[in-house]
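Single-letter residue listing:
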4 protein chains.
Amino acid sequence: MTTHWHQDAAAVVTLTFDVDAETPVLAQGRRYAGHASTMSHQAYGPDVGLPRILGILDDLGVPATFFVPGWVAEHRPGLAASIAERGHEVAHHSYSHRPATSMTPAEERADFERALAVFADQGIEIAGHRAAMWEASWRTTDLVAEHGLRYDSSLMGDDRPYRIAAIPGDIVELPVHWSLDDWEQYAFLPEPHVGSVIESPAKVLELWRAELDGMRRYRCLFNLCAHPFLSGRPGRAEALRRFIEYALACGDVRFARCREVAEAAAVDQDLPTRRPRPPDAGPDVYPG
Amino acid sequence: MTTHWHQDAAAVVTLTFDVDAETPVLAQGRRYAGHASTMSHQAYGPDVGLPRILGILDDLGVPATFFVPGWVAEHRPGLAASIAERGHEVAHHSYSHRPATSMTPAEERADFERALAVFADQGIEIAGHRAAMWEASWRTTDLVAEHGLRYDSSLMGDDRPYRIAAIPGDIVELPVHWSLDDWEQYAFLPEPHVGSVIESPAKVLELWRAELDGMRRYRCLFNLCAHPFLSGRPGRAEALRRFIEYALACGDVRFARCREVAEAAAVDQDLPTRRPRPPDAGPDVYPG
Amino acid sequence: MTTHWHQDAAAVVTLTFDVDAETPVLAQGRRYAGHASTMSHQAYGPDVGLPRILGILDDLGVPATFFVPGWVAEHRPGLAASIAERGHEVAHHSYSHRPATSMTPAEERADFERALAVFADQGIEIAGHRAAMWEASWRTTDLVAEHGLRYDSSLMGDDRPYRIAAIPGDIVELPVHWSLDDWEQYAFLPEPHVGSVIESPAKVLELWRAELDGMRRYRCLFNLCAHPFLSGRPGRAEALRRFIEYALACGDVRFARCREVAEAAAVDQDLPTRRPRPPDAGPDVYPG
Amino acid sequence: MTTHWHQDAAAVVTLTFDVDAETPVLAQGRRYAGHASTMSHQAYGPDVGLPRILGILDDLGVPATFFVPGWVAEHRPGLAASIAERGHEVAHHSYSHRPATSMTPAEERADFERALAVFADQGIEIAGHRAAMWEASWRTTDLVAEHGLRYDSSLMGDDRPYRIAAIPGDIVELPVHWSLDDWEQYAFLPEPHVGSVIESPAKVLELWRAELDGMRRYRCLFNLCAHPFLSGRPGRAEALRRFIEYALACGDVRFARCREVAEAAAVDQDLPTRRPRPPDAGPDVYPG
């Protein structure tokens, strides 16, 4: 009986969706609430993209994890429950989607706990966290551990799970990477300025397949991050569908929710434990 | 007898062309009027690109909709009529191409009505509107409804038509999206800075086909937005021609003018009605 | 006996090379003269790229036109003559490569005439001009006509030659376009910031072929603009070679120097005459 | 017996890896040390990417050169030795990764010598240097020569090795180029802002192969620059592996460490000697 995090699969796929809705735009300035076109562009995510993606997951019978900002769960009351009812995991994605690196310690804590309160109110059990904008501070993993969550998914120190020796205790890190994020491929907004190029879904599918093939050689965690307001568009949803079909056809790839990977990784003694700490960068060498 | 907006087609294509000419550049600063090369780059649109595109539409026998800023119609007196005479629809695309989100309510109203006056003077009947830069304010759809237009085409809240409950009455929204806009693929200017990469028409054709195929699965509105100063270039015009030929060959795609889609959508009870309103973004959560 | 500018070819190709060397970087600030890596990047153009390109043109037996800033001709005394001796045309590309739109009328005139003086000193006969950065002012074509040159190649108002009714007399415009410039495809420098993406020569070859094919349908001028410091690199030189081979294999494409096209266009009564003038952009509509 | 730098190969490949770790980010501001996600993104290079790349080099039996900032060697004490023990070359890549063009002469000298001191302490013999950010000053090659190094690899004045007549004596330049750097293809960070587009490894492989094929025609130095934090990712490592396999299969390509190429180039009388000096850019022509 195996005790490895990967359960002898060549690679493990965690399909994750960040249900950001309006939050990444509002985090750049409340004034953008007045931009009707931009707000509708973001609302498309929960309104149209999310049900479409849930349908694809149903069609193909694969589980997924949805990272939801507390503000989104609060302003769309049935949303988190509707995801959980389909058998998927709902996880913590900050309250406001403002980056932790832009907040004071007290602000980061308040934002973190406000999201937990929303999910508690809604009866949604939370096991893991992802920092907004993938901009964790060095305090973030301590907050995750302190509040009893099992994993974080915001760092990039590996392409396999690893343990983090946070001060309140160990958690598991399920690392992300920009190259497995649909944002860099698809996002475009003129104001606030987001993105320079809108890539073809064919290119994105090629990129994802190449990464999965590489990961199957090295037994990695393919931690895909997609956004309903981006990958929910018809042509992109087809690319997502084809990627899942490709991974299923590989025959050696396992699909799992993040919490399941985290539980297995927590007890896999072959995985390293890291103590994240800031590099020793003295002002004599690095000003500013 | 069907009453659906799509008339049982798998997808509906509205070919739309924004005949912007110099306006998007002048909207970034009147000083650019002194840039002779840039002005000639924009004038290419009505002078060379537009007749070429009209020729392709004639060759292939498909109808289209041309969104024309009032300033352009005014400064090139015969332009709007020459489009209408070919059997295509002419629609409202602001007067100045300055974004509504940068204007006061009075300024937005004045710009909106000034364009209507130009079209009225020229005897061009207008049924719909598209906001400059796809930067509608929350007042925009009310202006559209107040002035008796049937549809707007500036929001992104769906990929099928939907009704908007504007204060003066319902209108139809024919949603757009950045991924079906040729601007993000082709536009390049050094000053004002527009665009970072000039894509190959082969990539754009691949992107459009992929989106159409996805839309045929989900029965959507393929609301293409092209610009004569961009897609009128020879190699890009070929890609446009090939896209239309591809869609025609699908056999299940319907081509229509925007006003026809809007009329059908206005009475299709299967479509949702939305009340666009700004999100409730408090200053405690979102500064700025 | 044909009198058309195209001489019955489906398309005419003018291969043009802007031998900019250090000038576009210095035009962004004299301080960059202190950046040794950047200066070597630019010097590669005349030192390595130019002889390589001349070799390809010899191999394939096609003529070309080289636009040389006066500063470059002056600082590398034998350069312009070595191009002319190979049977190619040398043309005026400003003195300093500073954009005309950033200069006063007196500065533009002085820069224009200083370049002419350099070429006169070197015994290089000049028939045409291209504005630095493709940023002509409305005075530029008057300067071209006043000094007895036959053509300009800086505007984008068409994709076929056209006549310009400049105040001192008519000249021919051989229009350019960003999509036929290798700069947007290949140029990258971190400081001054130039370019975001370095494209593959395979993509550039695809783009050029698509444009040529479109132009063969519409009988256009394929006015390629390449830079020795960019397209002189080995992989890109191969793409240039393949493009020329493709165009030769078409059988209906004519290669010519710019001055030859200009001479034919000057007397082709089927071509339009345009009077470039700034659009009437009032401060009430367009601030700034 | 050949005395040519290329030893009769059609092209020579120097695989070089810049083991930058956190330094390029810290060089943009010490405050980024507080960004945990970003720091983990950079630490991935030495922790995960580097061993993976060393494994590929072992698998395929090719030598490489690793440019290591002194700060990185100092903060990860065994790193440089572990590279040298595998038979690869370790070379000088500044101490701090701050660009020389941003430093005073005294600062540049101090940074240069501090790195040499770290390598001397660790018993690592250094033969060559590469400027941080490829932003050498005009003093840089003099520093290289003064300290007895044999080569620099920061300039772009050719695509074959050349000699530089530095004041303290001749050194060899092994030129680099942006198109053979994986940074422009793969790097993406939101803050500090790095990169706009994440390319597919398939595109990068196509680009590298095209350049190698062009270089085989012209007998050049294919001086690849990759970064463990970028090309160490699974899908990209596969592209690197495939590129090496392709080059090996060509049959006419030689792989070498930089110091070997420099030694051969130092005595190849067919190579040019250049005296890098700033262009004569007067303030009357180029302000700023």
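Residues numbered from 1 in each chain as written. Chains lettered and ligands numbered in written order. Predicted model: local features only at pLDDT ≥ 70, side-chain atom pairs only at ≥ 80, totals over all residues. Heavy atoms only, no water.

1. What about the arrangement of the chains?
Over all C-alpha pairs, chain A and chain C never come within contact, reaching a minimum spacing of 9 Å. Between chain B and chain D there is no contact; the minimum C-alpha to C-alpha separation amounts to 9 Å. (Contact = heavy atoms within 4.5 Å.)

2. As for the relation of the copies chain D and chain C
For the pair of chain copies, the relating transformation is a rotation about an axis with a translation along it. In the superposition of chain D on chain C (RMSD 0.0 Å, axial shift 0.0 Å), the rotation amounts to 90°. Considering both components of the superposition, the chain copies are consistent with a four-fold axis. Distance from the rotation axis, computed per C-alpha, reaches its smallest value in chain D at D:S196: 4.5 Å. Both copies present different contact surfaces, since only 7% of the interface residues of chain D are interface residues in chain C too. (Least-squares fit on C-alpha atoms with pLDDT ≥ 70 in both.)

3. Comments concerning the interface of chain D and chain C
At the junction of the two partners, chain D supplies 44 residues and chain C supplies 44 residues. Roughly 3800 Å² is buried in total at the junction of chain D and chain C, and carbon and sulfur atoms are behind 56% of that figure. Between chain D and chain C we count 22 residue pairs in polar contact (both at pLDDT 80 or more) in total. Elements with a contribution of two residues or more to the side of chain D that touches chain C: α7 (183-186) and α8 (201-218) of chain D. Among the elements that take part in the side of chain D that touches chain C, α8(D) stands out by supplying nine residues, more than any other. Residue composition of the side of chain D that touches chain C, grouped by class: 20 nonpolar, 11 polar and 13 charged. (Buried area = accessible area lost by both parts, 1.4 Å probe. Polar contact = N/O pair within 3.5 Å; in protein donor to acceptor, adjacent residues only side chain to side chain. Helix = DSSP H or I, 4+ residues; strand = E, 2+ residues; numbered from the N terminus. Nonpolar A, V, L, I, M, F, W, Y, C, P; charged D, E, K, R; others polar.)

4. Quick notes on helix α2 (residues 36-60) of chain D
Residues and elements named next belong to chain D. The terminal C-alpha atoms of α2 lie 35 Å apart, and with 25 residues this matches the ideal 36 Å at 1.5 Å per residue to within 8%. Where α2 bends most, at Y44, the angle is about 45°, and the proline P46 comes one to four residues later. One or two residues past the end of α2 sits G61, with phi positive at roughly 65°. (Expected span 1.5 Å × (residues − 1). Bend = angle between axes of the 7 residues up to and from the residue.)

5. Notes on the packing of aromatic side chains
Tallied over the entire structure, the rule returns 28 aromatic pairs over all chains. Summarising the aromatic geometry, the rings of B:W134 and B:W178 are spaced 4.9 Å apart at their centres and angled 40° between planes, so their arrangement reads as tilted. Taken together, the positions of B:W134 in the loop between β4 (128-129) and α6 (140-146) and B:W178 in the loop between β7 (169-173) and α7 (183-186) put the pair 44 residues apart, joining distant regions of the chain. Residue B:W178 is classed as buried on the basis of its relative accessible area of 5%. Both rings, one in B:W183 and one in B:F229, keep their centres 5.7 Å apart while their planes meet at 85°; by these two values the pair is edge-to-face. Here the residue B:W183 occupies a position in helix α7, and B:F229 occupies one in helix α9 (residues 228-231), the gap between them amounting to 46 residues. Taken as a pair, B:W183 and B:F229 share a single burial class, namely buried. An aromatic cluster of at least three residues, connected via ring pairs, comprises A:W134, A:W178 and D:F188. Between B:R130 and the ring centre of B:F67, over which it is positioned, the NZ or CZ distance is 4.0 Å. (Phe/Tyr/Trp six-rings, centres within 6.5 Å; stacked < 30°, edge-to-face > 60°. Buried < 20%, exposed > 50% of the residue type's maximum accessible area, 1.4 Å probe, protein only. Lys NZ or Arg CZ within 6 Å of the ring centre and 35° of its normal.)

6. Some thoughts on the interface of chain B and chain A
Of the residues lining the interface, 44 residues belong to chain B; the matching set on chain A comes to 44 residues. Among the residues chain B hides against chain A, the three largest losses belong to B:W178, B:Y218 and B:Y286. Together they make up 18% of the total. The tally of links between chain B and chain A comes to four salt bridges. Between A:R52 and B:D159 there is a salt bridge, and its shortest N-O distance comes to 2.8 Å. On inspection of chain B and its partner chain A, the count reaches 24 residue pairs in polar contact (both at pLDDT 80 or more). Secondary-structure elements contributing two or more residues to the side of chain B that touches chain A are α7 and α8 (201-218) of chain B. Ranked by residue count, the leading element in the side of chain B that touches chain A is α8(B), at nine residues. By residue class, the composition of the side of chain B that touches chain A is 20 nonpolar, 11 polar and 13 charged. (Salt bridge = Lys/Arg side-chain N within 4 Å of Asp/Glu carboxyl O.)

7. With respect to the UniProt feature "domain: NodB homology" (unreviewed entry) in chain A
Following the UniProt record, one finds the feature "domain: NodB homology" (unreviewed entry) at residues 33-256 of chain A. Between the end C-alpha atoms of residues 33-256 of chain A there is a gap of 36 Å, over a span that is 47% helix and 14% strand. (UniProt positions renumbered as here; feature names shortened; annotations may be inferred.)

8. Topic: the pattern of salt bridges
Within this structure, the stated rule accounts for 81 salt bridges over all chains. B:R257 is the partner of B:E260 in a salt bridge, and the nearest nitrogen-oxygen pair spans 2.3 Å. Classification of B:E260 as partly exposed rests on a relative accessible area of 27%. D:K203 serves as the salt-bridge partner of D:E199, at 3.1 Å between the closest nitrogen and oxygen. A relative accessible area of 7% means that D:E199 is categorised as buried. Judged by relative accessible area, which is 13%, D:K203 ranks as buried. When salt bridges with common partners are traced through the structure, they connect A:R52, B:D158, B:D159, B:R160 and B:R274 into a single cluster.

9. Notes on unusual backbone geometry
Comment: phi is negative for the bulk of residues other than glycine, and the bulk of peptide bonds are trans. The omega angle of the peptide bond from A:E191 to A:P192 is 0°, so this bond is cis rather than trans. Of note, A:P192 is situated in the loop between α7 (183-186) and α8 (201-218). Positive phi, close to 60°, is recorded for B:M133, a residue that is not glycine. Mapped onto the secondary structure, B:M133 falls in the loop between β4 and α6. Owing to a relative accessible area of 32%, B:M133 belongs among the partly exposed residues under this scheme. In the Ramachandran plot, D:R219 falls in the positive-phi region, its phi being about 55° despite a non-glycine side chain. With respect to the helices and strands, D:R219 occurs in the loop between α8 and β8 (221-226). The exposure class assigned to D:R219 is partly exposed, which follows from its relative accessible area of 34%.

10. What to know about the environment of B:D158
Tracing the sequence through the fold places B:D158 in the loop between β5 (151-152) and β6 (162-166). Separated by 14 residues in sequence, B:D158 and B:V172 place their C-alpha atoms 12 Å apart. With residues up to four places along the chain from it excluded, the contact list for B:D158 reads A:Y44, A:V48, A:R233, B:P175, B:P272 and B:R274. Engagement of the side chain of B:D158 in a polar contact is seen with the side chain of B:R274, the distance being 3.2 Å.

11. Description of the environment of C:R274
For C:R274, the location among the structural elements is in strand β10 (residues 273-274). Separated by 104 residues in the primary sequence, C:R274 and C:D170 place their C-alpha atoms 9.6 Å from one another. Those residues in contact with C:R274 that sit more than four places away from it in its chain are B:D47, B:V48, C:G157, C:D158, C:Y162, C:R163, C:I164 and C:A165.

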